[in-house]
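# Secondary and tertiary structure notes
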Amino acid sequence: MDPSSTVTRRAALPLALAALLALPSACGEPARAADPVAPVLLIGVDGLEWNVLRPLLEDGRCPNLRALMERGAFGHLGTMLPTLSPILWNTIATGRMPHEHGIRGFLDEDGNTYTSRSRACRALWNLADRWGLSSQVVGWWTTWPVEEVHGCMVSGTSSGALLDVNWKPTLIPGAPDQVHPPEREAALIAVAERVGSKENVLALQREVMGDLVPSEMGLVEKAILIPETLWSLQADATFHAIMMELLADGVADLNLVYFGSPDVAGHRFWRYWEPEPFAWPDDPAVDDLVRDKVTRFDPFKDVEFTTLRALLATPAGDEQLAHVLPGVYDWVDGMIGELVAAAGPDVTVIVVSDHGMHAVSTESPTAKFVTGHHQDGAPGVIVAAGPGIAATGDVDAFLASGRLPIEGSILNVAPTVLALLGIPLDDGLSAYGAHDAMLTAPARERAELPRVADHDEGFRPPVAATLPPEMDEAFKTRFRGLGYLGEEGEAMDSAHDTDVRLVNPDGFRPDTGFEVTDPAADGDDG
């Protein structure tokens, strides 16, 4: 597929605006600070999908996203294959392809979890720091160990142990390099302990998922889907609270925060929200197949059952669980609204998802009962508003027709942010450029500043770094449950030996029969 059909490409940049910004000095460092249009708040929302968001907007829900759409721009955001979060969020943060930024999946070729020291190029926060701007980065992918920035960084690699006596906060007391500067660590870990307490997260579960009736839930929901979604609610609530605290102290030039719960809830609860494509759970032809598949794994090894429905919620329970995915969207929309209000009207807000989602495994369930996925390159979401963003969106027309403008790809996000911050592109970033159609004249002028030769000149080389054991195991446990890692922690998919390509949102058709790889596929019973 021709990448030019997906991304906004730019010809050679003009040299008319050199007076706005001095070029880097001979030693490679900028001669003076950048000249931003406005501070930027970049909100990453994993797995946000227009096909879920649109009916909610029609019903008057998600008002904060709608408000941004009405005063700004919105559209599809093309993603790439393989559609794996570590790859995509590092591409969003750097504007580079995976072979350039070096993050090629969940685990490196030696089976170790990638860390920030694996990244081979400067991310947005490094560039902001280099050009005299401040940053606040909270919860972003692959940010352990935290890097030194003019501002604050809170690592996105965190604990997922949310069961009984092993309940842990998102930031782990005693683990190193989770917060920069170190003097802020104690206070921010205290926020994580307060927000991530068992009492608070279970209350949050009721707020987001509703009052689920235990007798209507099955073993699948009680043992897998609900508890293995709580870590994402805990993490998002924690990162939101931390960012709110940072914004209360002052808005940085560049502010980034990441939320992952729409992706996790989409994986777990898609079938309940959209039951029509699924041939199960009430098809007797599926029962024998499922019995052979799932009884190899906890919690089903010692469970005798005749039908698949015996493992799952009742039809009444299905109706209750149909509200979980919309409930997560409503909740995240509320957090977005609070962040926008805290940042103030003079801040440019960009909301992006790394991909969309859709129904999968519609003929029979996987051993982990994953029913929503994105591995065929489902396009994501971009919504932007504020200084530097042109008001081009017609929300009512979109709701009536479902037609969205194509606003480029995830490779265009970093150049767009740099344009808003007044930081010139280098030769590599200029190949794709900013989302020009979204920008007002002052931002477009900054997008056309004279190029620098190489933003990554002098950046430290990638080196191996090992996550502390507790953080590493928590990370692998999370993504093993979603089918990304096998039972022994090996990566089920990566870009190490895979052709990476962009997917054009125009004409994308979901592969609903896509089967998420089961850890049982090789016959290993885990």
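Definitions and cut-offs
Residues numbered from 1 in each chain as written. Predicted model: local features only at pLDDT ≥ 70, side-chain atom pairs only at ≥ 80, totals over all residues. Heavy atoms only, no water. Helix = DSSP H or I, 4+ residues; strand = E, 2+ residues; numbered from the N terminus. Contact = heavy atoms within 4.5 Å. Areas by Shrake-Rupley, 256 points an atom, 1.4 Å probe, with all protein chains shown as cover. Salt bridge = Lys/Arg side-chain N within 4 Å of Asp/Glu carboxyl O. Buried < 20%, exposed > 50% of the residue type's maximum accessible area, 1.4 Å probe, protein only. Phe/Tyr/Trp six-rings, centres within 6.5 Å; stacked < 30°, edge-to-face > 60°. Core = buried A, V, L, I, M, F, W, Y, C linked by side-chain atoms within 4.5 Å. Pairing = 2+ DSSP bridges. Axes fitted to C-alpha atoms, helices over the stretch in contact; angles between N-to-C directions. 1 Å grid on protein atoms, 1.4 Å probe; cavity = no way out; pocket = protein on both sides within 12 Å on 5 of 7 lines; lining within 4 Å. Points joined across faces, edges and corners; volume = space filled by probe spheres on them. Nonpolar A, V, L, I, M, F, W, Y, C, P; charged D, E, K, R; others polar. pLDDT = per-residue confidence, 0-100. Polar contact = N/O pair within 3.5 Å; in protein donor to acceptor, adjacent residues only side chain to side chain. Expected span 1.5 Å × (residues − 1). Arc of directions from axis to C-beta.

## A closer look at the overall build of the chain
- When you go through the chain residue by residue, the secondary structure sums to 18 helices and 13 strands.
- Taking the intrachain contacts of the chain between residues at least 6 apart in sequence as the baseline, contacts between residues at least 24 apart amount to 80%.
- In the form shown here, the chain has an accessible surface area of approximately 18900 Å², with 50% of it arising from carbon and sulfur atoms.

## Observations concerning the pattern of salt bridges
- Counting across every chain of the model gives 15 salt bridges.
- Between Arg66 and Glu70 there is a salt bridge, with its nearest N and O atoms 2.8 Å apart. Highlighted residues: Arg66 and Glu70, both in helix α2 (residues 63–71), separated by four residues, approximately one helical turn.
- For Glu70, a relative accessible area of 46% puts it in the partly exposed group.
- Asp282 is the partner of Arg309 in a salt bridge, and the nearest nitrogen-oxygen pair spans 2.9 Å. Of this pair, Arg309 sits in the loop between α11 (284–294) and α12 (315–321) while Asp282 sits in the loop between α10 (261–273) and α11; the two residues are 27 residues apart in sequence, bridging distant segments of the chain.
- The buried category is assigned to Arg309, whose relative accessible area is 17%.

## What about the packing of aromatic side chains?
- Tallied over the entire structure, the rule returns eleven aromatic pairs.
- Arranged with centres 5.2 Å apart and planes meeting at 75°, the rings of Trp270 and Trp273 form a pair that is edge-to-face. One end of the pair is Trp270 and the other is Trp273, both in helix α10 and three residues apart, which spans about a single turn.
- A residue is classified by how much of its surface remains accessible, and Trp273, at 24% relative accessible area, is partly exposed.
- Relative to Trp280, the ring of Phe278 has its centre 5.7 Å away and its plane inclined at 85°; by these criteria the two rings are edge-to-face. Both residues of the pair, Phe278 and Trp280, belong to the buried class.

## Here we look at the nonpolar core
- Ile43, Trp50, Phe269, Ile336, Val351 and Phe369 are the most contacted members of the largest nonpolar core, which totals 87 residues.
- Considering each element in turn, this core owes the most residues, eleven residues, to helix α13 (residues 324–343).
- Those residues in contact with Phe369, other than ones at most four positions away along the chain, are Val220, Leu225, His267, Arg268, Trp280, Val294, Phe300, Leu308 and Leu312.
- Ranked by size, the runner-up nonpolar core spans 57 residues in total, among them Phe106, Ile389, Leu421 and Leu439.

## Considering the sheet that holds strand β1 (residues 40–45)
- Spatially, the nine strands line up as an open sheet ordered β6-β5-β4-β7-β1-β8-β11-β2-β12, and their pairing is mixed. Every interior strand has two partners, whereas the edge strands, β6 (179–180) and β12 (406–409), have only one.
- As paired elements, strand β2 (residues 72–78) and β12 share two bridges and run parallel to each other. Counted as the bridge partner of Gly78 is Ser409 from β12.
- Relative to the sheet, helix α9 (residues 227–249) contacts β4 (135–138), β5 (151–154) and β7 (254–259), its axis offset from that of β7 by approximately 165°.

## Here's the deal with the layout of surface pockets
- Within this model, the second largest pocket holds a volume of roughly 500 Å³.
- What lines the second largest pocket is a set of 26 residues, and nearest its centre among them are Glu49, Asn51, His76, Pro379 and Phe508.
- The element best represented in the lining of the second largest pocket is helix α1 (residues 50–58), accounting for three residues.
- Among the residues forming the lining of the second largest pocket, the class breakdown is 14 nonpolar, six polar and six charged.

## Section: the confidence of the model for the chain
- On average, residues of the chain score 86 in pLDDT, and 86% of them are at 70 or above.
- Low pLDDT, under 50, characterises residues 1–28; the predicted model gives this stretch 77 contacts beyond four residues in sequence or across chains.
- This model gives residues 518–526 a pLDDT under 50, and the stretch forms 20 contacts once residues within four places in sequence are excluded.

## Quick look at unusual backbone geometry
- Here the amide bond leading from Leu81 into Pro82 is cis, since omega sits at -5°, within 30 degrees of zero.
- Mapped onto the elements of the fold, Pro82 is located in the loop between β3 (80–81) and α3 (85–94).
- Note that the residue after Trp144, namely Pro145, is joined by a cis bond; omega there is -10°.
- Following the sequence through the fold, Pro145 ends up in the loop between β4 and β5.
- Positive phi is not limited to glycine here, since Thr142 has a value of about 60°.
- Position of Thr142 among the secondary structure elements: in the loop between β4 and β5.

## Focus: the side chain of Gln178
- Secondary-structure assignment places Gln178 in the loop between β5 and β6.
- Residue Gln178 is classed as buried on the basis of its relative accessible area of 0%.
- Reaching out from Gln178, the side chain makes a polar contact with the backbone oxygen of Ile172 at a distance of 2.7 Å.
- What Gln178 contacts, discounting residues up to four positions off in sequence, is Trp144, Val146, Met153, Val154, Ser155, Leu171, Ile172, Glu185, Ile189 and Met471.

## Some words on helix α7 (residues 198–209)
- Helix length check: α7 (twelve residues) gives 16 Å between terminal C-alpha atoms against 16 Å at 1.5 Å per residue, within 8%.
- Within α7, burial applies to Val201, Leu204, Gln205, Val208 and Met209. The buried residues of α7 occupy an angular sector of 110° when projected down its axis, which confines them to one face. Opposite the buried face of α7, at more than 90 degrees from it, the exposed residues are Glu199 and Glu207.
- On its buried face, α7 sits against α6 (185–195), α9, α10 and α13.
- Phi for Gly210, located one or two positions after α7, is positive at around 85°.

## As for the environment of Ile87
- By the element assignment, Ile87 lies in helix α3.
- We classify Ile87 as buried; its relative accessible area is 0%.
- For the pair Ile87 and Asp354, spaced 267 residues apart in sequence, the C-alpha separation works out to 9.5 Å.

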